[in-house]
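For reference, the chains in residue letters:
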Amino acid sequence: MRNNIQTAPLAERIKEAIGGGEVIAALFSTYTFSRDFFEQEVVNLIADEGRGRGFFPLTIVMDRSQYRGNGWGYDIVCHPERMWHAKLIALFVENPELDDKWTVLAIGSGNLTRAGWEKNQELYLVHSWDEWSLPEAIASWVKEPWLTKSEFGRWFHNSPMKIIPKNQRASISTNLKKPIWNQLNSLMGYKKWNEAHVLAPFSDNSQEEEQFSGTKSFFSTLIERAHSTAHLHVYLRGIDLEG
C-alpha cells in the first residue's frame, strides 16, 4: 500500500479543492447534524461572500431519528424507513470566467458536526475531477422518490450531469438496494482479496439472527473471501486506561 495518506483539516482540504471556483450546488450526507456548526462554519466555507444560504441548491440527507430542526436556505431530507449512516460531501463548482466546471467529492467517517470535522480522529477521501458528475451509487440515491424532490434533487435532474459507472480499479458502493458483499463479489470477479483495511471504531452489537449481522459475522464473512496469504488491517478505537 502506498504511503500517501495526508493529515489535514477537512475544511482546509475542501477549501483547497474549491479553489477559485463558485459552488453551484451541494449535497451533504450524515448521520447526525449540528445546525449551528453547519450554518456558521460550513456554509461560509463553501459559499462566497454574498452568496450564502438560499442562493444555490443545498440539501442535507440525515437519519430521521437524529433530526432536531433546521434553518432557512437549505433543506433536510430523511429516508422514510431506513437508518441513514452515510457520510458524504458533493460540491459542484464553476468558474464562469474560465468556462470551467468541476466536482468535489469527500467520503469518510465524520458527521456534519464540529466533532466530526474538527475534534474526532476521522478518515476522509477528498477528490475532484473535471465536469459535473457523480458515481453511479450516489446518483442512485438522488433518483429515489424521497430525495428527488429536494432542492438538490431538482437541480440534479435539470443539470448536465454525467454518471460515473463502477469499474475494476475504483468504485463507490451503497447498500440502498442490495448488500455491499454482493457488489464486492461482482467487482472482484469472485477472486480472493490479498489486502484489506477496515476502519472500525464502533461495532454492530445487534443480536438479531440475520446474515452478516454483528461484528463476528462480518469478519467471518470477510475472512472467507481472503486469499491464504492475505493481510487484514483493522483500525480500532484507543483503549481508555482511566476507565
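Residues numbered from 1 in each chain as written. Predicted model: local features only at pLDDT ≥ 70, side-chain atom pairs only at ≥ 80, totals over all residues. Heavy atoms only, no water.

Participant: Sorry, what's going on with a nonpolar patch on the surface here?
Facilitator: A contiguous nonpolar patch, built from Ile223, Leu232, Val234 and Leu236 and spanning about 350 Å² of accessible area, is present on the exposed surface. According to the relative accessible area criterion, leucine 232 is partly exposed, its value standing at 32%. (Patch = residues over 30% accessible without salt bridge, like charges linked within 9 Å, V, L, I, M, F, W, Y side chains within 5 Å. Areas by Shrake-Rupley, 256 points an atom, 1.4 Å probe, with all protein chains shown as cover. Salt bridge = Lys/Arg side-chain N within 4 Å of Asp/Glu carboxyl O. Buried < 20%, exposed > 50% of the residue type's maximum accessible area, 1.4 Å probe, protein only.)

Participant: Whenever I open this one, the sheet that holds strand S6 (residues 124–130) confuses me. Can you help?
Facilitator: Hydrogen bonds along the backbone pair up the strands of a sheet, which may run parallel or antiparallel. The strand order across the open sheet built from six strands is S3-S2-S1-S4-S5-S6, with neighbouring strands paired in mixed fashion. The strands lining the two open edges of the sheet, one partner per strand, are strand S3 (75–78) and S6. Across the sheet, the axes of successive neighbouring strands diverge by a mean angle of 15 degrees, strand direction being ignored. In the sheet, strand S4 (residues 88–95) pairs with strand S5 (residues 100–108) via eight bridges, with the strands oriented antiparallel. Pairing of asparagine 95 across the sheet is with aspartate 100, part of S5. (Pairing = 2+ DSSP bridges. Helix = DSSP H or I, 4+ residues; strand = E, 2+ residues; numbered from the N terminus. Axes fitted to C-alpha atoms, helices over the stretch in contact; angles between N-to-C directions.)

Participant: Would you mind going over the pattern of salt bridges with me for this structure?
Facilitator: Pairs can form between side chains of opposite charge once their charged atoms are near each other. Taken as a whole, this structure holds six salt bridges when the rule is applied. Between arginine 35 and glutamate 39 there is a salt bridge, with its nearest N and O atoms 3.1 Å apart. Pair noted here: arginine 35 and glutamate 39 are both in helix H2 (residues 35–46), with a separation of four residues, about one helical turn. In this structure arginine 35 comes out as partly exposed when scored by relative accessible area, which is 39%. Exposure remark for glutamate 39: the relative accessible area of 13% places this residue in the buried category.

Participant: What is the right way to read the nonpolar core from this model?
Facilitator: Note that soluble globular proteins tend to have their nonpolar side chains buried in a common cluster. The biggest cluster of nonpolar side chains holds 29 residues, and the ones touching the most others in it are Phe28, Phe38, Ile46, Leu58, Leu91 and Trp117. Of all the elements in the fold, those that place two or more residues in this core are helix H1 (10–18), strand S1 (22–29), H2, strand S2 (58–62), S4 and S5. No other element matches the five residues that H2 contributes to this core. Counting 23 residues, the second largest nonpolar core, distinct from the first, contains Ile24, Leu27, Trp141 and Phe152. (Core = buried A, V, L, I, M, F, W, Y, C linked by side-chain atoms within 4.5 Å.)

Participant: Help me understand unusual backbone geometry, please; the structure alone is not making it clear to me.
Facilitator: Among all residues save glycine, negative phi is the norm, and among peptide bonds the norm is trans. Despite not being glycine, aspartate 99 shows a phi value in the positive range, around 55 degrees. Position of aspartate 99 among the secondary structure elements: in the loop between S4 and S5. If you check the backbone angles, glutamate 131 has positive phi at about 70 degrees while not being a glycine. Looking at where glutamate 131 falls in the secondary structure, it is placed in the loop between S6 and strand S7 (133–135).

Participant: Any chance you could explain the packing of aromatic side chains here in plain terms?
Facilitator: Each aromatic ring pair is characterised by the separation of its centres together with the angle its planes make. Scanning the model with the defined rule gives 13 aromatic pairs in all. Taking 5.4 Å as the distance between ring centres and 85 degrees as the angle between the ring planes, the aromatic pair formed by phenylalanine 28 and phenylalanine 38 counts as edge-to-face. A residue pair is termed long-range when its members are at least 10 positions apart, and phenylalanine 28 in strand S1 and phenylalanine 38 in helix H2 qualify at ten residues. Across the pair, phenylalanine 38 and phenylalanine 28 agree in class, each one buried. Members of the aromatic cluster, each reached through a chain of ring pairs, are Phe92, Trp132, Phe152, Trp155 and Phe156. (Phe/Tyr/Trp six-rings, centres within 6.5 Å; stacked < 30°, edge-to-face > 60°.)

Participant: Help me understand H2 in this model?
Facilitator: An α-helical segment advances 3.6 residues per turn. Residues three or four places apart therefore align on the same side. Over its twelve residues, H2 runs 16 Å from end to end, which matches the ideal 16 Å to within 8%, given 1.5 Å per residue. Along H2, the residues classified as buried are Phe37, Phe38, Glu39, Val42, Val43 and Ile46. Where H2 is buried, its residues meet H1, S1, S2, S4 and helix H3 (114–119). (Expected span 1.5 Å × (residues − 1). Contact = heavy atoms within 4.5 Å.)

Take it as geometry only, folks, not as evidence of what the structure does.
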